[in-house]
Amino acid sequence: MFEYAPAPESRALVTFQSSYGHFIGGKFTKPSNTYQTISPSTEQVLAEISTASAKDVDMAVKAARSAYEKVWSKLSGAERGKYLYRIARIIQERARELAIAETLNNGKPIKETRDADIPLVAAWFFYYAGWADKLDYAGLGVNPKAHGVAAQVIPWNFPLMMLAWKIAPALAAGNTVVLKPAETTPLTALLFAEICQQAGLPDGVVNIITGFGQTGADLIAHKDVNKVAFTGSTGVGRLIAKQVAGTNKKVTLELGGKAANIVFDDAPLDQAVEGIINGIFFNQGHVCCAGSRLLVQESIQDELLKKLKRRMETLKLGDPLDKNTDIGAINSKVQLDKITKLVKLGVKEGGEAWAPNCEIPKKGFWYAPTVITGVAANNTVAREEIFGPVLSVLTFRTPAEAVAKANNTPFGLSAGIWSEKGSRILKVADQLNAGVIWANTFNQFDPASPFGGFKESGYGREGGRHGLLAYLKGDN
Amino acid sequence: MRLDVKKTYKLFIGGKFPRSESGHTYELTNPKGEFVANVVLASRKDARDAVVAARAAQPGWAGATAYNRGQVLYRIAEMLEGRREQFVAEIRELTRATEKAANSEVDAAIDSWVWHAGWSDKVDSVAGSMNPVAGPFFNISTNQPTGVVAAFAPQKSSLVGLVNTIAPIIVTGNAVVVVASESLPLSAITLTEVLATSDLPGGVVNVLTGKEKDLSPWLASHKDVNAVDLEGTSDPVDLEIRAAETLKRVVRPGAFARSASKGSLQQILAFMEVKTVWHPEGH
Amino acid sequence: MTKNDPVAIVGGKITNSSLRRWLHSLPGVDKVGLEARAAGLGTRSIKTTSKAWALDAAIKMMDLTTLEGMDTPDRVRSLCLKALTPDPTDPDCPRPAAICVYGDMVSVAKQTLGKSGIYVAAVATAFPSGRASVAVKLQDTKDAVKAGADEIDMVIDRGAFLSGNYLEVYKQIQAVKNACTRADGSRAHLKVILETGELQTYDNIRRASYLAMLAGGDFIKTSTGKVTVNATIPITLLMLQAVRDWYDQTGVLIGVKPAGGIRTAKDAIKYLVVVKEVAGEKWLTPDLFRFGASSLLNDVLMQRQKLKTGNYSGPDYVTVD
């Protein structure tokens, strides 16, 4: 009756170059050793991207070092802050273009890039711009020093947002950076390089090199890097942690998660349903802090699942550029295969998988939002990070049991608590071994709020005053 | 030869530019004794109206997100930068400052405004706390703006002293009634023109020109003013005594430097109240 | 006793304490979460064919309203004629579902609307405040029904609700429903106005919704339009959730009417999105959803004109009634 007509955002607002080199020393190099980056919703090629060799990595680090020694470390915090304000402003000015570019390259809905990703990117730069001239108040004494050159490797799930989380505090603290975006999502980082040029940022303060895992490894291993910041899988994080042992490099890692979203019997039910949906289907579940384990109090399980499934039926899967799309494309074939495999395993191990009827487009990589009920704690889908729109449902009887089950994982990034009782929320929050706890909400991010994990979800925090500390000497 | 259109200098109350209800002005002269302008001589009734405007605007301003306040203030800095020539001209008109010195002052004023803008979403991260009390309680202290502040800008500064008076007060959500320097009021009025065209809600900043001695006793004793900044006053002791009647928070002259390109967190906190909340923790 | 009997639903004899226990056992509403969902639904982009459908639907679901102390017979007549021909330049333009007037204007409205099928809804029970004796409120209702009202929009006793006297609120609704019965046994439909602006919290609004549904209202309605805060999207979303859950629990379909403050076609479309995604397409009918509005009609008409002609319209191209 009331079907939503297609409401596509205009592709025309973004123009990509046909090929990109690396952004080193304030200029783009000639494209070399290129591969194609595609739109995962249509499999169309968007641009040719260069693969950085060890030599390119070296050039980038040298540019960062030179900029640090000669220019950036000599500027006052106020001046650094003003550069960051300029960048923030330009991001706001080009917000729509950046949102479309991100949606094209990543596959996530335009609704999310427009309303969540890009505004947070601008906010992150504004926030840290305001720290640049206030480092005396960071908690490390007067006039704390930067590390020098920071090597930063980021994932494909929130490309530009992860870039902002890395670059903004690094620059505010006085470091220069070499950043490598993920191989499947390099485009917004390259647009960001153009923004640095528009802002008049001194050459070499920000360098962007593109490539695959080897490039990232080369960058992190480079001898002249003082600080390493990595967001990605726990597997790679482990390798990095081993590699930096014996060096003077400072490291922060933001890795995987298998967050429990705990719903008590006195939860505000309808909002809890929204929180569950948001927790696991936002960004197609490609979120390290996703609420991928629903821990529901047994007594309300049926009622909650009924509401949840009904709500899932209103989710719209399709063209990410359509403003009404809720669920976009999976970022790559590799990821899609992984999700498919894990869900099959989940069913094999005794779970029951359910997904609403979604019309799956012919081209591109897609997975319908799925909920697996009857999951036991020892099932693979209860323990391993799926990184897709798949929710595993487990039950509990008492608060103590909820806490025990929630904590029963090597991960410790985030958790959700749903209850109308304040004292229970605070007590459970106190007991959960997770770095970010959302009560009666989920997936809230703010540049003023520290984010990061316990245990194998990594160490170090991004956001807030704590996020600044990682980039200053005197912090571990 | 073209005759220029001369500017009229009025008060800034509730986002509008009224003349004094008293109709009085005073003659402003430059160091050479030449006539510059008739500046409004604000009366106690103007001060009263300004406090009403400030009180009306304050809850909405405090209720905005810290991010939003930071954005509003940052944009004001952009506009100050755009108007720097006018500020430089006005400083030079009333003082013997060289072009270099005047530019320096404007640089410092803008940079200080930017410095303050960046504090809006950081004060609690630095000056708030979770308190580890001896009991099963969640205990948190946050800083809340005190409300309406009456401030007296330094008498001997055109712009930077004014900025370093206003910015620390409003960045956290207070509203202010500020009395400009009697002999150097032009920058204050030009600043209000910037504020009027910014996204700052009317009434958050109110500027009165005139004689501090006429206005300060009324503002210091006003029961709907929460705090006073006595920097530019001639008899701060008397004013402190008047303020004591309603236990206003008092900032004495000389407490904070006002001419640098940055301020101090303590000055920001001087206009805030610490609120501590307890909440039990238990399944 | 069926499962839909109030006693079965509440779980015991209807007393003030049993009502209180039942209402307070409903899950709470998180304000931030509710408002975020409402805001999210507000980003739906309704274009072209879906926009055309929504604009027409908005008119068909409208209770075109005049509730002023200064209403005169000619004013009411004029509004009814507007309802019969909303857009003189477009014979395809649909008509509102009903006219909503004060009880003493019902006969004028009925006369003007004739057999057109447009209903006459009358506000009653000492609208808008509801502060009068029960006897007066019932008489007010009976008078409107006698004059020919098809629908009655009553107000609940907010004073009773806020002081915890749920039984009184319940009994009054039931009494008014009885007063809607005609001599021939048929019944005017009852909309129950909660006056959400005075109830203030979402928890209260949910409880009042359930109380009104339990007492037998055919519609739950947000507001009188006479207070500072009338209909909002989060409130309407909450009420749509309530009628949806009630249907799941009892099989009984109850309608929702947001009223007051809905002035633009854009807003109306947002409401329709919420109806669709929260309650379901079943509620996208004048039998289960109404807008209480007056100036909304002209804005919708101008939007319809723009869709047809491709140009932005203006106030000179719609009639002032």
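Before going into details, it helps to say that this report is about the structure given with it. Remember, it's a predicted structure, so these values are computed and weren't measured experimentally.

**Considerations on the overall build of chain C**
Okay, step 1: Assigned secondary structure in chain C consists of 14 helices and eight strands.
Okay, step 2: For chain C, the spread of C-alpha atoms along the principal axes amounts to about 60 × 45 × 35 Å.
Okay, step 3: Going through the 321 residues of chain C one by one, you find that 53% of them count as buried.
Okay, step 4: The contacts in chain C between residues at least 6 apart in sequence include a share of 72% that link residues at least 24 apart.

**A few points about the sheet that holds strand 3 (residues 129–130) of chain B**
Residue and element names in this part refer to chain B.
Okay, step 1: What the three strands build is an open sheet, ordered 3-4-10; its pairing is antiparallel. Looking along the sheet, the strands with just one partner apiece sit at the ends: strand 3 and strand 10 (272–280).
Okay, step 2: When strand 4 (residues 137–145) meets strand 10, the two strands line up antiparallel, connected through nine bridges. Looking at the pairing, Ile140 lines up with Val277 of strand 10.

**Some thoughts on the pairing of strand 5 (residues 45–50) of chain A**
All names here are of chain A.
Okay, step 1: In this structure, strand 1 (residues 19–20) lies alongside strand 5, joined through two bridges in parallel fashion. Within strand 5, the residue paired with Ser19 across the bridge is Glu48.
Okay, step 2: Here five bridges tie strand 4 (residues 34–38) to strand 5, and the two strands are oriented antiparallel to one another. By the bridge assignment, Thr34 is partnered in strand 5 with Ser50.
Okay, step 3: Where strand 4 folds back onto strand 5 in an antiparallel hairpin, the turn is made up of six residues, including Glu43, whose phi is positive at roughly 65°.

**Points about the interface of chain C and chain A**
Okay, step 1: Taken together, the 24 residues of chain C in the interface contact 21 residues of chain A.
Okay, step 2: Taken together, the elements giving at least two residues each to the side of chain C that touches chain A come down to helix 3 (31–41), helix 4 (48–60) and helix 13 (265–279) of chain C.
Okay, step 3: Considering each element in turn, the side of chain C that touches chain A owes the most residues, five residues, to helix 4 of chain C.
Okay, step 4: Classifying every residue of the side of chain C that touches chain A by side-chain character gives nine nonpolar, eight polar and seven charged.

**Focus: the interface of chain A and chain B**
Okay, step 1: Contact with chain A, which involves 24 residues of that partner, is made by 22 residues of chain B.
Okay, step 2: Residue contributions to the side of chain A that touches chain B peak at six residues, all from helix 14 (residues 422–431) of chain A.
Okay, step 3: Looking at the side of chain A that touches chain B residue by residue, the class counts come to twelve nonpolar, five polar and seven charged.

**Some words on the arrangement of the chains**
Okay, step 1: By contact count, the dominant pairing among the two pairs of chains in contact is that of chains A and C.
Okay, step 2: At no point do chain B and chain C touch; the closest pair of C-alpha atoms across them sits 15 Å apart.

**Some details on the sheet that holds strand 13 (residues 352–354) of chain A**
Residues and elements named next belong to chain A.
Okay, step 1: Strand order across the open sheet formed by seven strands is 13-14-15-12-11-16-17, with mixed pairing between neighbours. A strand with exactly one partner marks an edge of an open sheet, and here the two such strands are strand 13 and strand 17 (436–439). On average, each strand axis in the sheet is inclined to that of its neighbour by 20°, with strand direction left out of account.

**Observations regarding unusual backbone geometry**
Okay, step 1: Between C:Phe127 and C:Pro128 the backbone carries a cis peptide bond, its omega angle lying at 0°.
Okay, step 2: Residues other than glycine seldom take positive phi values, yet A:Asn440 does so here, at roughly 55°.
Okay, step 3: Here A:Asn440 is to be found in the loop between strand 17 and strand 18 (458–459).
Okay, step 4: A tally of 21 C-beta atoms within 10 Å means that A:Asn440 is categorised as buried.
Okay, step 5: Backbone geometry places A:Lys455, a non-glycine residue, at a positive phi of 50°.
Okay, step 6: Note that A:Lys455 resides in the loop between strand 17 and strand 18.
Okay, step 7: Note on A:Lys455: 18 C-beta atoms within 10 Å, which makes it partly exposed.

**Side note on the pairing of strand 1 (residues 25–29) of chain B**
All names here are of chain B.
Okay, step 1: Relative to strand 2 (residues 35–40), strand 1 runs antiparallel, the two sharing five bridges. The residue bridging Thr25 from the neighbouring strand is Val40, located in strand 2.
Okay, step 2: Between the antiparallel neighbours strand 1 and strand 2 lie five residues, among them Gly33 with a positive phi of about 85°.

**Focus on the nonpolar core**
Okay, step 1: Ranked by internal contacts, the top residues of the largest apolar core, which has 240 residues, are A:Leu84, A:Phe125, A:Ile262, B:Trp113 and B:Val176.
Okay, step 2: With twelve residues, the single largest contributor to this core is helix 4 (residues 110–129) of chain A.
Okay, step 3: Excluding its chain neighbours within four sequence positions, the residues that come into contact with A:Leu84 are A:Phe125, A:Tyr128, A:Ala129, A:Ala132, A:Ala168, A:Leu171 and A:Ala172.
Okay, step 4: Ranked by size, the runner-up nonpolar core spans 106 residues in total, among them C:Ala58, C:Ala179, C:Tyr210 and C:Ala279.

**Notes on the environment of A:Gly81**
Okay, step 1: As for its placement among the helices and strands, A:Gly81 is situated in helix 2 (residues 77–93).
Okay, step 2: By C-beta crowding, A:Gly81 is classed as buried, having 25 other C-beta atoms within 10 Å.
Okay, step 3: In this view, A:Gly81 contacts A:Ala129, A:Gly130, A:Ala132, A:Asp133, A:Ala172, B:Val114 and B:Gly118; residues no more than four positions away in its chain are not counted.

**Regarding the environment of A:Ala63**
Residue and element names in this part refer to chain A.
Okay, step 1: Within the secondary structure, Ala63 is located in helix 1 (residues 54–70).
Okay, step 2: For Ala63, a count of 24 C-beta atoms within 10 Å gives the class buried.
Okay, step 3: C-alpha of Ala63 to C-alpha of Gly25: the two residues are 38 residues apart in sequence and 5.2 Å apart in space.

**A word on helix 9 (residues 236–244) of chain B**
At 3.6 residues per turn, the α-helix brings residues three or four places apart onto the same side.
Residue and element names in this part refer to chain B.
Okay, step 1: Within helix 9 the residues assigned to the buried category are Pro236, Leu239 and Ala243. All buried residues of helix 9 lie within an arc of 60° about the axis, which places them on one face of the element. Relative to its buried face, helix 9 has exposed residues pointing more than 90 degrees away, namely Val237 and Ala244.
Okay, step 2: Of the surrounding elements, those touching the buried residues of helix 9 are helix 8 (212–221), strand 8 (227–229) and strand 9 (249–251).

**As for the packing of helix 3 (residues 95–106) of chain A against helix 4 of chain A**
Residue and element names in this part refer to chain A.
Okay, step 1: Packing of helix 3 against helix 4 leaves a shortest axis separation of 9 Å and a crossing angle of 120°. With respect to helix 4, the axis of helix 3 lies oblique. The hand of the helix 3/helix 4 crossing is right-handed. Here Ala95, Leu98, Ala99, Ile100, Glu102 and Thr103 of helix 3 come into contact with helix 4, specifically with Ile110, Thr113, Arg114, Asp117, Ile118 and Ala122.
Okay, step 2: Considered class by class, the residues forming the contact of helix 3 with helix 4 number seven nonpolar, two polar and three charged.

Analysis parameters
Residues numbered from 1 in each chain as written. Chains lettered and ligands numbered in written order. Predicted model: local features only at pLDDT ≥ 70, side-chain atom pairs only at ≥ 80, totals over all residues. Helix = DSSP H or I, 4+ residues; strand = E, 2+ residues; numbered from the N terminus. Buried ≥ 20, exposed ≤ 12 C-beta atoms within 10 Å, placed from the backbone. Contact = placed C-beta atoms within 7 Å. Pairing = 2+ DSSP bridges. Nonpolar A, V, L, I, M, F, W, Y, C, P; charged D, E, K, R; others polar. Axes fitted to C-alpha atoms, helices over the stretch in contact; angles between N-to-C directions. Core = buried A, V, L, I, M, F, W, Y, C linked by C-beta atoms within 7 Å. Arc of directions from axis to C-beta. Parallel < 35°, antiparallel > 145°, perpendicular 65-115°, else oblique. Left-handed = near helix turned anticlockwise from the far one by under 90°.

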